[in-house]
Amino acid sequence: RVLAGRREDLAGRHVVVSAGGTREAIDPVRFIGNRSSGLQGYALARTAVARGAEVTLVAANVTLPDPAGAKVVRVESARQLRDAVLAAAEHADAVVMAAAVADFRPVRQSDTKIKKSSAEPDPIHLAKNPDILAELGEIRRAKREAYAAVGGGPAIGDGPDAARETRDGLGAARTADGAGGARETGDGLGAAQDAEAVGPGAVGEARAGATRDAGADGPYPRVIVGFAAETDDVLANGRAKLERKGCDLLVVNQVGENLAFGTPDNAAVVLTAEGGSVDIPRGPKEDLADVVWDLVAQRLA
Ligand code: CTP
Ligand code: CA
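What counts and how
- Residues numbered from 1 in each chain as written.
- Chains lettered and ligands numbered in written order.
- Predicted model: local features only at pLDDT ≥ 70, side-chain atom pairs only at ≥ 80, totals over all residues.
- Heavy atoms only, no water.
- Helix = DSSP H or I, 4+ residues; strand = E, 2+ residues; numbered from the N terminus.
- Buried < 20%, exposed > 50% of the residue type's maximum accessible area, 1.4 Å probe, protein only.
- Contact = heavy atoms within 4.5 Å.
- Donors = N, O, S within 2.8 Å, 3.2 Å for Na, K, Ca; no water.
- UniProt positions renumbered as here; feature names shortened; annotations may be inferred.
- Core = buried A, V, L, I, M, F, W, Y, C linked by side-chain atoms within 4.5 Å.
- Near = heavy atom within 4 Å.
- Polar contact = N/O pair within 3.5 Å; in protein donor to acceptor, adjacent residues only side chain to side chain.
- Areas by Shrake-Rupley, 256 points an atom, 1.4 Å probe, with all protein chains shown as cover.
- Axes fitted to C-alpha atoms, helices over the stretch in contact; angles between N-to-C directions.
- Parallel < 35°, antiparallel > 145°, perpendicular 65-115°, else oblique.
- Left-handed = near helix turned anticlockwise from the far one by under 90°.
- Nonpolar A, V, L, I, M, F, W, Y, C, P; charged D, E, K, R; others polar.
- Pairing = 2+ DSSP bridges.
- Expected span 1.5 Å × (residues − 1).

Peer 1: If you had to explain the overall build of the protein chain to someone new, which residues and values would you point to?
Peer 2: In terms of helices and strands, the protein chain carries 9 helices and 12 strands. By the burial criterion, 46% of the 301 residues in the protein chain qualify as buried. Across the protein chain, every contact between residues at least 6 apart in sequence was considered, and the portion connecting residues at least 24 apart equals 64%.

Peer 1: If you had to explain the coordination of the calcium ion (ligand 2) to someone new, which residues and values would you point to?
Peer 2: Each protein donor to the calcium ion (ligand 2) is listed here as Asp103 (OD) and Asp103 (OD); together their distances run 2.4 to 2.6 Å. Along the chain, the position of Asp103 falls in the loop between β6 (94-97) and β7 (104-106).

Peer 1: For the UniProt feature "binding site: CTP" (unreviewed entry) in the protein chain, give the residues involved together with the corresponding values.
Peer 2: The sites that carry the UniProt feature "binding site: CTP" (unreviewed entry) are, in the present numbering, Asp103, Lys113, Pro130, Asp131, Ile132, Leu133, Phe227, Lys241 and Lys245. What stands out for the annotated residues spanning 143 residues is how far apart their C-alpha atoms range, the widest pair being 37.7 Å apart. The exposed category is assigned to Asp103, whose relative accessible area is 55%. Beyond its immediate chain neighbours, meaning those up to four positions away, Asp103 contacts Ala127, Lys128 and Asn129. Within the secondary structure, Pro130 sits in the loop between β8 (126-128) and α3 (132-151). Pro130 gets classed as partly exposed once you look at its relative accessible area, which sits at 24%. With residues near it in sequence (within four places) discarded, Pro130 still touches Arg79, Arg82, Arg105 and Glu135.

Peer 1: How would you sum up the nonpolar core? Please name residues and give values.
Peer 2: Ranked by internal contacts, the top residues of the largest apolar core, which has 34 residues, are Leu44, Val225, Val251, Trp293 and Val296. Elements supplying a minimum of two residues to this core: β1 (14-20), α1 (39-50), β4 (54-60), β6, β9 (223-230), β10 (249-254), β11 (265-272) and α9 (285-300). The leading source of residues in this core is α9, at 8 residues. Not counting chain neighbours up to four residues away, the residues in contact with Val296 comprise Ala94, Val223, Val225 and Leu249.

Peer 1: Which residues make up the site of ligand 1, and what values do they have?
Peer 2: Taken together, 14 residues surround ligand 1, and among them Met97, Ala99, Leu133, Phe227 and Lys241 come closest. At a separation of 3.5 Å, an oxygen atom of ligand 1 approaches a polar side-chain atom of Arg244. A distance of 2.9 Å is found between an oxygen atom of ligand 1 and a side-chain nitrogen or oxygen belonging to Lys245. Surface burial for ligand 1 is 77%, taken as the share of its 570 Å² of free accessible area covered by protein chains. Among the secondary structure elements, those contributing two or more residues to the shell around ligand 1 are α3, β9 and α8 (234-245).

Peer 1: Describe the packing of α1 against α9, and please don't skip the residues or the numbers.
Peer 2: Their axes nearest at 8 Å, the elements α1 and α9 cross at an angle of 55°. For the element pair α1 / α9, the angle class is oblique. Two packed elements cross with a definite hand, and for α1 against α9 that hand is right-handed. Contacts between α1 and α9 pair Leu39, Gln40, Ala43, Leu44, Arg46, Thr47 and Ala48 from the former with Lys285, Glu286, Leu288, Ala289, Asp290, Val292 and Trp293 from the latter. Looking at the contact of α1 with α9, its residues break down into 8 nonpolar, 2 polar and 4 charged.

Peer 1: For unusual backbone geometry, give the residues involved together with the corresponding values.
Peer 2: Look at Asn61: it is not a glycine, yet its phi comes out positive at around 60°. By the element assignment, Asn61 lies in the loop between β4 and β5 (70-75). On the accessibility criterion, Asn61 (23% relative accessible area) is partly exposed. Positive phi, close to 45°, is recorded for Asp233, a residue that is not glycine. Note that Asp233 resides in the loop between β9 and α8.

Peer 1: I'd like a rundown of the pairing of β4, residues and numbers included.
Peer 2: The buried fraction of β4 amounts to 6 of the 7 residues, a majority that puts the element mostly inside the structure. The sheet contact formed by β1 and β4 spans 7 bridges and is parallel. The partner of Ala19 across the bridge, within β4, is Ala59. The pairing of β4 with β5 spans 6 bridges and is parallel. Opposite Val55, over in β5, you have Ala70 as the bridge partner.

Peer 1: Describe α1, listing the residues and the values that go with them.
Peer 2: The end-to-end C-alpha distance of α1, which contains 12 residues, comes to 16 Å, matching closely the 16 Å that a straight helix rising 1.5 Å per residue would cover. Taken residue by residue, α1 has Gln40, Gly41, Tyr42, Ala43, Leu44, Ala45, Thr47 and Ala48 as its buried positions. Gly52 sits one or two residues past α1 and shows a positive phi near 100°.

Here it is as structure tokens:
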């Protein structure tokens, strides 16, 4: 199925794919889950391996065989998925979030199996899970800002000149860290201060990290892809979601009519951050995966 021209176009690239659906524990034997089979995510992992990529597959509750050649990390809950994806994403060229992540989890997990003894069941109170895709977009945005701050030039990713400028800026920021060099560096000192004026948490770490790993390739991950299953106003909802989450590509499925869940076939529209869209007619999930990688490879080139 892989076309000749595609065969090695992801060689040297590290891609992260999440697949399956998270489970949010209620007690040791029960959970809140969803109908995701993991088929689309696994097809993405297989096709990426076939095209030469180094693949990390973060799999949530999938009962499919491991794709040959991929590194598989198994997780259960949204928070475990988040930790695994963010760790792998740090040095990834692309992240594709094909997993169905539970939006909510029970606030409290019972350590013991809940009994039906009482007449009225206790309600299950829910808390919001982290939005991993939005977080990836936010981390990258913060990194880009920090690159621009230490480089004093255009945001990274604008070409070789931008990369060179950022490398110079990084040097300046490092000098500014030393006691003596501060005055000499001028702009560099300001940039270093800007880069450090950050809040706590992952975004803050990302900003600090950006001053360390600035390189010709720019901030990682360079391409962020989301999936969205919609039942109505498919394109308008998809467009709003892409913008809200700051991703580069959003693969929008129309669900219902036996499409998507647990079936080998899928149909979708891929929306791009620039406002474009690519129609993928109904067909095997591997074909959809190959179109996604075509678009990713284009953006990495
Ligand atoms: N996603 C995520 N973390 C979450 C929820 C979703 O990373 N907590 C990712 C999914 O993996 C998918 C994309 O976001 O790539 C869109 O998921 P979707 O459920 O369609 O979006 P939501 O923002 O949760 O919106 P909705 O209210 O429609 O569920
Ligand atoms: Ca959701």
